[in-house]
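Below, each chain spelled out in residue letters.
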Amino acid sequence: MPKPRINAIYVTFLVVSLLCGIAGALQAPTLSLFLTNEVKVRPLWVGFFYTVNAIAGIAISFLLANRSDNKGDRRKLLIFCCLMAIGNSLVFAFSRDYLVLITVGVLLAAIGNASMPQLFALAREHADRSSSEVVMFSSMMRAMLSLAWVLGPPLSFMLALNYGFTPMYLSAAAVFVGSILMIVFFLPSVPRVEQPVDEKVVPVSAWRNKDVRLLFFASLLMWTCNIMYVIDMPLYITSDLGLPEGLAGLLMGTAAGLEIPAMLLAGYLVKRTGKRKLMLYAVASGVVFYAGLVLFQFKVALMILQLFNAIFIGIVAGIGMLYFQDLMPGRAGSATTLFTNSISSGVICAGLLQGFIVESFGHYPVYWVATGLAIIALGLMYKVKDV
């Protein structure tokens, strides 16, 4: 009798992962358009918003991670995070005050964004408890996130452009409500089992390792390029290229769809080619992608370039964390934290850079800068040893 229940719970984790991913993918792609067209702030303040959002996310996720790992019911914390995400959606649906959005909205968003790590942590604990195959379980949930980003951005732009931002944010809130209902009625509370604690999040010796430092800064630059593109692209294709606003959602969805086979192929090839060679292919694809954005400015070219974008992000997101872990044997927690911190640091840098560049020079130079940063990342990546 327990077998069907385990299967039902497994499916529920996948569905909740998809729903939470769609809710996030409804809001993130159009944020820069929302701040520019609805809140009517200058590009500098758009970039500043992303930076503050990233800093708040780092602080809140650190506090919640410590609490969830040490005490309490993770399932209850997951529900709380989803409730805060609903509150964030409602604030953005009905407020057009920049100060309210960057304070109350960012705080609620930071708490709400912690729902996904908590969902993955709860899934891992359930898989360990039920003796399920952990790697496949996690991979399937990550695939659901990628699928969410195939569906979410086109839907986001369709709702925002045809019906307005208020219905779009209300739709995201409704998806989070559905997620909460599934969590309450179908997901289990998993008793906490004491685990060895990795006391030093980033040991000093890790920074003394030249390869770890090189990989960290390469990863930071890669994610800076990616987030600059995500922030700027919806504005660039409409204001500078004169292309339809809905194209931005189509481009993001196409890239997300292509990332799935890129991730799977990278996982298949990693034992044959090694992580270093795959990462070099990924960053080289990133250089081609950003250089292509500089050289080609029409719809067909932008669509074709998404293949290189997918290879870039699909491999970096999938292999990058494993590379850190292999360079820091026996320190999986510290290595994973270092990888996620490189992403968060990239978001902070991207917000500041994009806002300053657009404010001073316009949208087009953003892609020259991204190309340059990608080339530097490629040079750093070339110096990291293979493991």
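Presented here is a report on the structure given in the accompanying data block. What you see is a predicted model; the values in this text were computed from it and never measured. (Residues numbered from 1 in each chain as written. Predicted model: local features only at pLDDT ≥ 70, side-chain atom pairs only at ≥ 80, totals over all residues. Heavy atoms only, no water.)

1. Here we look at the overall build of the protein chain
Heads up, the condition is: Secondary structure elements are taken from DSSP: a helix is a run of H or I of four residues or more, a strand is a run of E of two residues or more, and numbering for both begins at the N terminus. Classification of residues uses two cut-offs on accessible area relative to the type maximum, computed with a 1.4 Å probe and protein chains only: under 20% is buried, over 50% is exposed, and between them is partly exposed. When checking whether two residues touch, look at their non-hydrogen atoms; a contact exists if any pair is within 4.5 Å. Here the Shrake-Rupley method, with its probe set to 1.4 Å, supplies the accessible areas, and only the displayed protein chains count as covering residues.
Check the secondary structure of the protein chain and you find 15 helices and zero strands. The buried share among the 387 residues of the protein chain stands at 49%. Nonlocal contacts in the protein chain, meaning residues at least 24 apart in sequence, comprise 83% of its contacts between residues at least 6 apart. In the structure as shown, the protein chain presents an accessible area of about 17400 Å², 69% of it carried by carbon and sulfur atoms.

2. Describing the pattern of salt bridges
Opposite charge on two side chains allows them to pair when their charged atoms are near. Quick reminder of the rule: Salt bridges are defined by distance alone: a side-chain nitrogen of Lys or Arg within 4 Å of a carboxyl oxygen of Asp or Glu.
Scanning the model with the defined rule gives two salt bridges in all. Arginine 96 is paired through a salt bridge with glutamate 38; the nearest N and O atoms lie 3.0 Å apart. With arginine 96 in the loop between α4 (74-94) and α5 (98-113) and glutamate 38 in helix α2 (residues 31-38), this residue pair connects regions lying 58 residues apart in the sequence. A salt bridge links glutamate 359 to arginine 42; its shortest N-O distance comes to 2.5 Å. Remark: arginine 42 occurs in the loop between α2 and α3 (43-70) and glutamate 359 occurs in helix α14 (residues 332-361); sequence separation between them is 317 residues. Glutamate 359 sits in the partly exposed class, given a relative accessible area of 30%.

3. Thoughts on the nonpolar core
Nonpolar side chains in soluble globular proteins generally cluster together in the buried interior. The line we're drawing: Throughout, nonpolar core names a set of buried Ala, Val, Leu, Ile, Met, Phe, Trp, Tyr and Cys residues whose side chains join them through atoms within 4.5 Å.
Among the nonpolar cores identified, the biggest contains 119 residues, and Phe34, Leu35, Phe49, Met222, Ile237, Tyr290 and Met381 are the most heavily contacted of them. Among residues more than four places away in sequence, those in contact with tyrosine 290 are Cys225, Asn226, Tyr229, Phe312, Tyr367, Ala370, Thr371 and Ala374.

4. Section: the environment of alanine 172
Of note, alanine 172 is situated in helix α8 (residues 165-186). The buried category is assigned to alanine 172, whose relative accessible area is 0%. Along the chain, alanine 172 and isoleucine 86 lie 86 residues apart, while their C-alpha atoms are 7.7 Å from each other. Leave out the neighbours within four places in its chain, and alanine 172 touches Ala23, Leu26, Gln27 and Ser89.

5. Digging into the packing of α2 against helix α10 (residues 210-239)
Between two packed helices, what matters for the description is the angle formed by their axes and the separation of those axes. Worth spelling out the cut-off: To obtain an axis, a line is fitted to C-alpha atoms, over the contacting stretch when the element is a helix, and the angle between two such axes runs from 0 to 180 degrees between their N-to-C directions. Note that the term roughly parallel is reserved for angles under 35 degrees, roughly antiparallel for angles over 145, roughly perpendicular for angles of 65 to 115, and oblique for everything else. Residue polarity is assigned by list, with Asp, Glu, Lys and Arg as charged and Ala, Val, Leu, Ile, Met, Phe, Trp, Tyr, Cys and Pro as nonpolar; anything else, Gly included, falls into the polar class.
Two numbers describe how α2 lies on α10: the axes approach to 8 Å, and their chain directions differ by 50 degrees. As the angle between them shows, α2 and α10 are arranged oblique. In this structure, α2 contributes Ser32, Leu33 and Thr36 to the contact, and α10 contributes Ile231, Pro234 and Leu235. Here the contact of α2 with α10 is composed, by residue class, of four nonpolar, two polar and no charged.

6. A few points about α8
The criterion, for reference: Expected helix span is taken as 1.5 Å per residue step, with the number of steps being one fewer than the number of residues. Working definition: the arc comes from the directions between the helix axis and the C-beta atoms, pointing outward to the latter.
Here α8 contains 22 residues, and its C-alpha end-to-end distance of 32 Å stays within 8% of the 32 Å for a straight helix at 1.5 Å per residue. Burial in α8 covers these residues: Phe165, Met168, Tyr169, Ala172, Ala173, Val175, Phe176, Ser179, Ile180 and Ile183. On an axial view of α8, the arc spanned by its buried residues comes to 155 degrees, and they lie on one face.

7. Regarding helix α13 (residues 299-327)
Test applied: Take the seven residues that end at a residue and the seven that start at it, fit an axis to each, and the angle between those axes is the bend at that residue.
Taking 1.5 Å as the rise per residue, α13 with 29 residues should run 42 Å; its terminal C-alpha atoms sit 41 Å apart, in good agreement. Approximately 35 degrees is the largest bend angle found in α13, and it occurs at isoleucine 319.

8. Considerations on the packing of helix α11 (residues 246-273) against helix α12 (residues 275-295)
Packing of α11 against α12 brings their axes to within 7 Å, and their N-to-C directions diverge by 125 degrees. Classified by the angle between their axes, α11 and α12 sit oblique to one another. Across the interface between the two elements, Ala266, Leu269, Val270 and Thr273 of α11 pack against Lys275, Lys277 and Leu278 of α12. Residues of the contact of α11 with α12, tallied by class, amount to four nonpolar, one polar and two charged.

9. Description of the packing of aromatic side chains
Operational definition: Any two of the Phe, Tyr and Trp rings considered here, Trp counted by its six-membered ring, make a pair once their centres fall within 6.5 Å; the pair's planes then place it as stacked at under 30 degrees, edge-to-face at over 60, or tilted in between.
According to the stated counting rule, one finds 16 aromatic pairs in the structure shown. With centroids separated by 6.2 Å and ring planes inclined at 90 degrees, the aromatic side chains of phenylalanine 49 and phenylalanine 92 adopt a geometry described as edge-to-face. With a gap of 43 residues between them, phenylalanine 49 in helix α3 and phenylalanine 92 in helix α4 connect regions that are remote in the sequence. In this structure phenylalanine 92 comes out as buried when scored by relative accessible area, which is 5%. By way of ring pairs, the aromatic residues Phe34, Trp45, Phe48, Phe49, Phe92, Tyr98, Phe165 and Tyr169 are connected into one cluster.

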